[in-house]
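Residue-level listing of the chains:
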Amino acid sequence: EDQVTQSPEALRLQEGESSSLNCSYTVSGLRGLFWYRQDPGKGPEFLFTLYSAGEEKEKERLKATLTKKESFLHITAPKPEDSATYLCAVQRNRDDKIIFGKGTRLHILP
Amino acid sequence: GAVVSQHPSRVICKSGTSVKIECRSLDFQATTMFWYRQFPKKSLMLMATSNEGSKATYEQGVEKDKFLINHASLTLSTLTVTSAHPEDSSFYICSARDVGSTDTQYFGPGTRLTVL
């Protein structure tokens, strides 16, 4: 069964304290892996798409990496405004569906 | 960047009435749009996939007659919750796939539905 598991469920960091969020996936034929940020009461905001193992993408304090089994979202020197839920999702080769993980709630303390 | 809008952002209705939610891709064409439902502190649950000019494909367990989806143009899809009941109260989010450049889905801001 195709599955996406994110860890940890929640993470509290001090401002400036770097860390990584994990997304492990099991899918028969990966078409793409997506990272989104979601603020409370809002729709997910697109961050990155990764297509193949070894690929990396960066945006400001965020960097996403991909292996054959998992993806990491590294956050460097986070600020309070980085507080949000980060969602990982995979798209399968055989259809258009995206399977979401349950997300990691990130809270950055000033 | 790709922008998707939803209207209304919040709606409160009485039990038994119908509510229509609009989803628009503002700066790109979307042959495929998706409708999701999200419960508090839970992830997104796909309800249906909407293709322009054809019938929507519903996920298992989602009632087709209750959640009517119309995708009449390349920039507009609508979700109508018919005969709404309190258990239909939820956060509904649409997304649109920009096939012009990548397969990325861009999400709307969501609609909070409260059925009294």
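What comes next is a walk through the structure. Computed from a prediction, not measured in an experiment: that's the story for all the values here. (Residues numbered from 1 in each chain as written. Chains lettered and ligands numbered in written order. Predicted model: local features only at pLDDT ≥ 70, side-chain atom pairs only at ≥ 80, totals over all residues. Heavy atoms only, no water.)

**Focus on the overall build of chain A**
Next, step 1: Looking only at helices and strands, chain A has 0 helices and 11 strands in total.
Next, step 2: Going from N to C terminus, chain A has its helices and strands arranged as β-β-β-β-β-β-β-β-β-β-β.
Next, step 3: Against the 2.2 N^0.38 benchmark of 13 Å for 110 residues, chain A shows a C-alpha radius of gyration of 13 Å, consistent with a compact globule.
Next, step 4: The principal-axis extents of the C-alpha atoms in chain A amount to approximately 45 × 30 × 20 Å.
Next, step 5: Going through the 110 residues of chain A one by one, you find that 46% of them count as buried. (Helix = DSSP H or I, 4+ residues; strand = E, 2+ residues; numbered from the N terminus. Rg over C-alpha atoms; globule rule 2.2 N^0.38 Å. Buried < 20%, exposed > 50% of the residue type's maximum accessible area, 1.4 Å probe, protein only.)

**A look at the packing of aromatic side chains**
Next, step 1: Within the structure shown, the criterion is met by 10 aromatic pairs over all chains.
Next, step 2: Taking the centre distance of 5.9 Å and the plane angle of 45° together, the rings of Tyr36(A) and Phe100(A) count as tilted. Highlighted residues: Tyr36(A) in strand β4 (residues 30-38) and Phe100(A) in strand β10 (residues 98-100), separated in sequence by 64 residues. Like Tyr36(A), the residue Phe100(A) is buried in the burial classification.
Next, step 3: Ring plane angle 45° and centroid distance 5.4 Å describe the contact between Tyr36(B) and Phe107(B), whose orientation is recorded as tilted. In this pair, Tyr36(B) sits in strand β4 (residues 32-38) while Phe107(B) sits in strand β10 (residues 105-107), placing the two residues 71 residues apart along the sequence. (Phe/Tyr/Trp six-rings, centres within 6.5 Å; stacked < 30°, edge-to-face > 60°.)

**Section: the nonpolar core**
Next, step 1: Ranked by internal contacts, the top residues of the largest apolar core, which has 26 residues, are Phe67(B) and Leu113(B).
Next, step 2: Here Leu113(B) is in contact with Val11(B), Cys13(B), Val19(B), Val81(B), Asp88(B), Ser89(B), Ser90(B) and Tyr92(B), once residues within four sequence places are set aside.
Next, step 3: With 24 residues, the next largest nonpolar core counts Tyr25(A), Leu33(A), Leu62(A) and Ala64(A) among its residues. (Core = buried A, V, L, I, M, F, W, Y, C linked by side-chain atoms within 4.5 Å. Contact = heavy atoms within 4.5 Å.)

**Some points on the environment of Pro86(B)**
Residue and element names in this part refer to chain B.
Next, step 1: Checked against the element boundaries, Pro-86 lands in the loop between β8 (76-81) and β9 (90-97).
Next, step 2: Spatially, the C-alpha atom of Pro-86 lies 16 Å from that of Lys-20, the residues being 66 residues apart in sequence.
Next, step 3: The residues touching Pro-86, leaving out its near neighbours within four places in the chain, are Ser-15, Val-115 and Leu-116.

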